[in-house]
Amino acid sequence: MGRDRLSLSSVLEKIMSHYNINQLYVFLDPVALKVAQRITLGKIRKTYISDISDFYYHAIDSAEKFIAIASLKKSLLPEFILVLDKLVHISTQNGGSSWVMVIVCNDDRVMNRLLKAAYDARIPLTVPPSLDMVMGICSKTFCQRPKKNTSSFSIVCCGPEFIDLEVLKESADLIAIEGNVCEGELDIAYGSGEIAIVAVGSIIDEILGFANQENLHNEITIYGIVDLDVNLDEKLLSILEKHANILLIRNDDIISERLRFIAEKLLEEGKIPYIPNIISIGDLVGSDNENVKVGLRSIIKDILGKGLYFNKQSIRTSMDAGIECDKKIVELLDAIDKKVARTLRIYVKPIYGENGIHADDFYDAYSVTKTTSNYNAYTIIAHLTEILGNIKHIDRIIHSPARIILIFSSMFLTGSQKKAILKELTKELGKHVKIVSYEEILQKIDIIERFEKIIVT
Amino acid sequence: MEFSFALLSDDKTVEKIKDIVFEMAKMSNLIIRFQRIFLRDDKGNGTTIYVFKISNIYPQLGISENSIDYIAILKKTSIETQEILSKILRDGGIIVFPKRIVDASIFINKAPSIIDLGDDKDEYDVIARIVSDISKLLMISRSNVIKILRTVVKEEDENTRLIEAYRMVTRR
């Protein structure tokens, strides 16, 4: 068997090729565009979606199988839940084509909120621990024959670490995967130890790998929840009936919340003879979620009495979805710094860069310009697609008294998409600001001094 | 065995290096994992690095202090960023950069091997150096590396420049 490069894009491409799916919906967001850009199979038709409600109409009208790639930010969560709820209802009641929606969460907090909100709204989600499982979930959806008046669908919630992750592994055999996943559950239960570790997402893969390497299958049992649906409570109940010692990764996720609730209920009803010992690893070592992920191996070893964990990290790491500023933006930022003293750089996520602060969205960027006063100018760097739906907030930023330079990156956008978005921008804000190109401003850097408000595209 | 190396560069260059390194790992029958990680210190300064982990078993997720064996810096960075990078470098690790863009004194407590490629060297020379170092680690012959460079780097000018730089680096 050969070896393959696996990434989220290559997995989706493989699925589309194997199941003859031609339609790919891509949300106009840099993260989703980044994933979609690497899907290059000729027969795939990419349709770009400006927002979730736009997707709703496309999904309802679609008569053929499709895959959608969306990226989720905190501010979009309520709208997503509302539309997904409707879509799930229609797909289960009225039928239609089979579909998979891959939601890439921009950070762990967003993912946590999505899982909670989806559980409350009874929206079935699948959270893959690895890229192989993404393949398994898609395969399960498309290999099933839809029952009368229903359609098979999956909403795959991927953590931020999946976006840039790429691994070289034994190539996946889709026919074998199909045979394994077509009937039955996707959830993982590994080991026979007394201590149970219950987790969701990529952390399961990490723990499984570690348990295999260290031969811990007699000491711990790993429960990886992949299907987060109405049966979640039942799954957790069976874990509580089997284990008195349960380790969780974090204290504030849906698993922790439900597990504690069910444990209390079982105790009240006298169905278990012991008080279950439910501990969150994050609380135990007094560390945040990211550091728990990084130090997980030594933390578990410490708990099992096989080593010591030193929590002395002076750096913090995160695998949040992000796009690095390209060379021309960095060049321009350096030129601005030389021209204007005391400039504050504000990067609107998912754009990342150096020597500045990172704002979640334009609201956040606006509040920074309002609450800080000791800067001569504010340079706000964002992706061009952020303009869609944010014109009002950009307008507010532009009308603030400070000197504002807005730099938009057009990475992953085609020429026509860029043109269309720029047209919108010029129509709405063209009267109040000077809109220039990178080449123009780099040639005539004095523009910065002559104009108070500048937009660079 | 787990070898991890970090790259500080723009997306385009990283893609190029990634393609080459993945081909080399494929040839040597090892598992490789590539991740993008955002690092920040207590003061809030941050930077994005790209991490490759090569191992015969499935490599560990994420990075921590003293965990990177090799750091290649291909773009100008601030002193704060270099301080963050010095924390993730393993004791006795390797650091590669062109045109004296790094203040080596920041890394001194890690006693690293510092490879300053000099003023006349550019991005291609650094890529060639990285490729040469990894090929030695994975025991891939010079001729095979040249074959990989020929097939992976599609653009003719880039291809010629990179192979030329690799030949210079590995000249006996």
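Quick note: structure is the one above.
Because the structure is a prediction, the values reported are computed rather than measured.

A.B. asks: Would you mind going over the overall build of chain A with me for this structure?
C.D. replies: Of the regular secondary structure elements, chain A holds 18 helices and 23 strands. The C-alpha extent of chain A, read off along each of the three principal axes, is 75 × 55 × 45 Å. By the burial criterion, 58% of the 457 residues in chain A qualify as buried. Sequence separation of at least 24 residues holds for 75% of the intrachain contacts in chain A that already meet a minimum separation of 6. Element-wise, carbon and sulfur atoms account for 49% of the exposed surface of chain A, whose accessible area totals about 19100 Å².

A.B. asks: Explain the interface of chain A and chain B here, please?
C.D. replies: Put simply, an interface is often sized by how much accessible area is lost when its parts join up. With 35 residues of chain A in contact, the opposing surface of chain B contributes 43 residues. Carbon and sulfur atoms supply 49% of the area that chain A and chain B bury against each other, a total of about 3700 Å² over both sides. Here chain A is connected to chain B by five salt bridges. Notably, a salt bridge pairs B:Asp19 with A:Arg5, separated by 3.0 Å at the nearest N-O pair. On the surface where chain A and chain B come into contact, there are 14 residue pairs in polar contact (both at pLDDT 80 or more). Put simply, the parts of the chain that give the side of chain A that touches chain B at least two residues each are β1 (3-7), β8 (166-170), α8 (203-214), α12 (289-303), β15 (315-318) and β16 (323-324) of chain A. A breakdown of the residues in the side of chain A that touches chain B according to their chemical character gives nine nonpolar, nine polar and 17 charged. Strand direction decides the pairing type here: β8(A) and strand β2 (residues 31-41) of chain B, joined by three bridges, are antiparallel. Among the inter-strand pairings, A:Leu168 is bridged to a residue of β2(B), identified as B:Ile32.

A.B. asks: What is the right way to read the sheet that holds strand β13 (residues 245-248) of chain A from this model?
C.D. replies: Across a sheet, paired strands are connected by hydrogen bonds in the backbone, their directions being either parallel or antiparallel. Residue and element names in this part refer to chain A. Reading across the sheet, the five strands line up as β9-β11-β10-β13-β14 and stay open at both edges, with mixed pairing between neighbours. The sheet is open, and its two edges are formed by β9 (188-190) and β14 (277-280), each paired on a single side. Across this sheet, the average inter-strand angle for adjacent strands is 20°, counted without regard to direction. Sheet topology note: the strand β10 (residues 195-200)/β13 ladder contains four bridges and is parallel. Its bridge partner lying in β13, Ile195 is registered against Asn245. The strands touched by helix α9 (residues 232-242) are β10, β11 (220-225), β13 and β14; relative to β11, the strand with the most contacts, the crossing angle is about 175°.

A.B. asks: Can you walk me through the sheet that holds strand β23 (residues 453-456) of chain A in this structure?
C.D. replies: Residues and elements named next belong to chain A. Strand order in this open sheet of six strands is β19-β17-β20-β21-β23-β22, and the pairing throughout is parallel. Each edge of the sheet is formed by a strand with only one pairing partner; in this case those strands are β19 (357-359) and β22 (434-436). Neighbouring strand axes in the sheet, compared pairwise and without regard to direction, differ in orientation by 20° on average. Where strand β17 (residues 343-348) meets strand β20 (residues 377-383), five bridges bridge the pair, whose relative direction is parallel. Bridge assignment links Leu344 to a residue of β20, and that residue is Tyr378.

A.B. asks: Sorry, what's going on with the packing of helix α15 (residues 391-398) of chain A against helix α16 (residues 415-429) of chain A here?
C.D. replies: For any two helices packed against each other, one specifies the crossing angle of their axes together with the interaxial distance. Residues and elements named next belong to chain A. One can describe the packing of α15 onto α16 by two numbers: an axis separation of 11 Å at closest approach and a directional angle of 50°. Between α15 and α16, the crossing angle belongs to the class labelled oblique. In the crossing of α15 with α16, the sense of the turn from one axis to the other is right-handed. When α15 is examined against α16, the residues Ile391, Ile394, Asp395 and Ile398 are found in contact with a partner set consisting of Leu425, Glu428 and Leu429. Its residues assigned to classes, the contact of α15 with α16 shows five nonpolar, no polar and two charged.

A.B. asks: What should I look at first to understand the packing of helix α14 (residues 362-371) of chain A against α15(A) in this one?
C.D. replies: All names here are of chain A. Relative orientation of the contacting elements α14 and α15 amounts to 10°, with a least axis distance of 9 Å. It follows that α14 is roughly parallel to α15 by the angle criterion. Considering the relative orientation of α14 and α15, their crossing is left-handed. Every residue of α15 that contacts α14 at Phe362, Tyr363, Ala365 and Tyr366 is listed here: His393, Ile394, Arg396 and Ile397.

A.B. asks: Mind showing me how you'd approach unusual backbone geometry here?
C.D. replies: The bulk of non-glycine residues show a negative phi, and the bulk of peptide bonds are trans. Residues and elements named next belong to chain A. The residue after Lys349, namely Pro350, is reached through a cis peptide bond having omega 10°. Phi is positive for Asn215, which is not a glycine, with a value near 60°. Inspection of the secondary structure puts Asn215 in the loop between α8 and β11. When its relative accessible area of 51% is taken as the criterion, Asn215 is described as exposed.

Quick notes on the rules
Residues numbered from 1 in each chain as written. Chains lettered and ligands numbered in written order. Predicted model: local features only at pLDDT ≥ 70, side-chain atom pairs only at ≥ 80, totals over all residues. Heavy atoms only, no water. Helix = DSSP H or I, 4+ residues; strand = E, 2+ residues; numbered from the N terminus. Buried < 20%, exposed > 50% of the residue type's maximum accessible area, 1.4 Å probe, protein only. Contact = heavy atoms within 4.5 Å. Areas by Shrake-Rupley, 256 points an atom, 1.4 Å probe, with all protein chains shown as cover. Buried area = accessible area lost by both parts, 1.4 Å probe. Salt bridge = Lys/Arg side-chain N within 4 Å of Asp/Glu carboxyl O. Polar contact = N/O pair within 3.5 Å; in protein donor to acceptor, adjacent residues only side chain to side chain. Nonpolar A, V, L, I, M, F, W, Y, C, P; charged D, E, K, R; others polar. Pairing = 2+ DSSP bridges. Axes fitted to C-alpha atoms, helices over the stretch in contact; angles between N-to-C directions. Parallel < 35°, antiparallel > 145°, perpendicular 65-115°, else oblique. Left-handed = near helix turned anticlockwise from the far one by under 90°.

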